[in-house]
Amino acid sequence: MHNLIIPLATCVIAFAAIFGYQAFSDSQLDERIEQAIAASLASERRDPIKVELTAMHEVNKGYGVCGEYALASPTDSGGAFFYSKVSERVTLGADSERYRANCGER
């Protein structure tokens, strides 16, 4: 019986580690995207920028993320973005070439 417990426990620990890392990695990705958008908009403003991401979906077999962002200030609006996980570069605006090429119509 103990010959079955050790492999089973090892599998459970391995699955927990994999799924835990994936959840941690996803939360880190959201923060990197928010920081990249804030940095892109920082040249236009002096006060700190708080960004909220919505309607995100992966594209290009997981190498990119398309979505929308909103700014915390009621006077500011948001917009669409494309984030490349490879280059860690964000492109703002649905009319940009990179957004249309990667996100297109969904």
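Owing to the predicted nature of the structure, the values given are computational and were not obtained by experimental measurement. (Residues numbered from 1 in each chain as written. Predicted model: local features only at pLDDT ≥ 70, side-chain atom pairs only at ≥ 80, totals over all residues. Heavy atoms only, no water.)

Moving on to the overall build of the protein chain. Within the protein chain, the secondary structure is distributed over two helices and four strands. Mapped in sequence order, the helices and strands of the protein chain form the string α-β-β-β-β-α. Burial status across the protein chain gives 26% buried among its 106 residues. Within the protein chain, counting contacts between residues at least 6 apart in sequence, those at least 24 apart form 25% of the total. Summed over its atoms, the accessible surface of the protein chain is roughly 7,600 Å², and 57% of this surface lies on carbon and sulfur atoms. (Helix = DSSP H or I, 4+ residues; strand = E, 2+ residues; numbered from the N terminus. Buried < 20%, exposed > 50% of the residue type's maximum accessible area, 1.4 Å probe, protein only. Contact = heavy atoms within 4.5 Å. Areas by Shrake-Rupley, 256 points an atom, 1.4 Å probe, with all protein chains shown as cover.)

Taking strand neighbours across the sheet as the criterion, the four strands line up as β1-β2-β3-β4 in an open arrangement whose pairing is antiparallel. In this open sheet, the two strands that pair with only one neighbour each are β1 (51-59) and β4 (89-92). Within the sheet, the average angular offset between the axes of one strand and its neighbour, ignoring direction, is 25°. Bridge count for strand β2 (residues 64-71) against strand β3 (residues 79-84) is six bridges, and the pairing is antiparallel. Opposite E68, over in β3, you have A80 as the bridge partner. (Pairing = 2+ DSSP bridges. Axes fitted to C-alpha atoms, helices over the stretch in contact; angles between N-to-C directions.)

What follows is about the state of the cysteines. Counting across every chain of the model gives one disulfide. Between the sulfur atoms of C66 and its disulfide partner C103 the distance amounts to 1.7 Å. Note on the C66 and C103 pair: the S-S dihedral is about -90°, so by sign convention the disulfide is left-handed. Within this pair, whereas C66 is found in strand β2, its partner C103 is found in the segment after α2 (97-102), the two being separated by 37 residues in sequence. Taking the relative accessible area as the measure of exposure, C103 reaches 10% and is therefore buried. (Disulfide = S-S within 2.5 Å.)

This paragraph deals with the pattern of salt bridges. Tallied over the entire structure, the rule returns two salt bridges. R100 is the partner of E97 in a salt bridge, and the nearest nitrogen-oxygen pair spans 3.9 Å. Here the residue E97 and the residue R100 both occupy positions in helix α2, the gap between them amounting to three residues, near one helical turn. In this structure E97 comes out as exposed when scored by relative accessible area, which is 61%. (Salt bridge = Lys/Arg side-chain N within 4 Å of Asp/Glu carboxyl O.)

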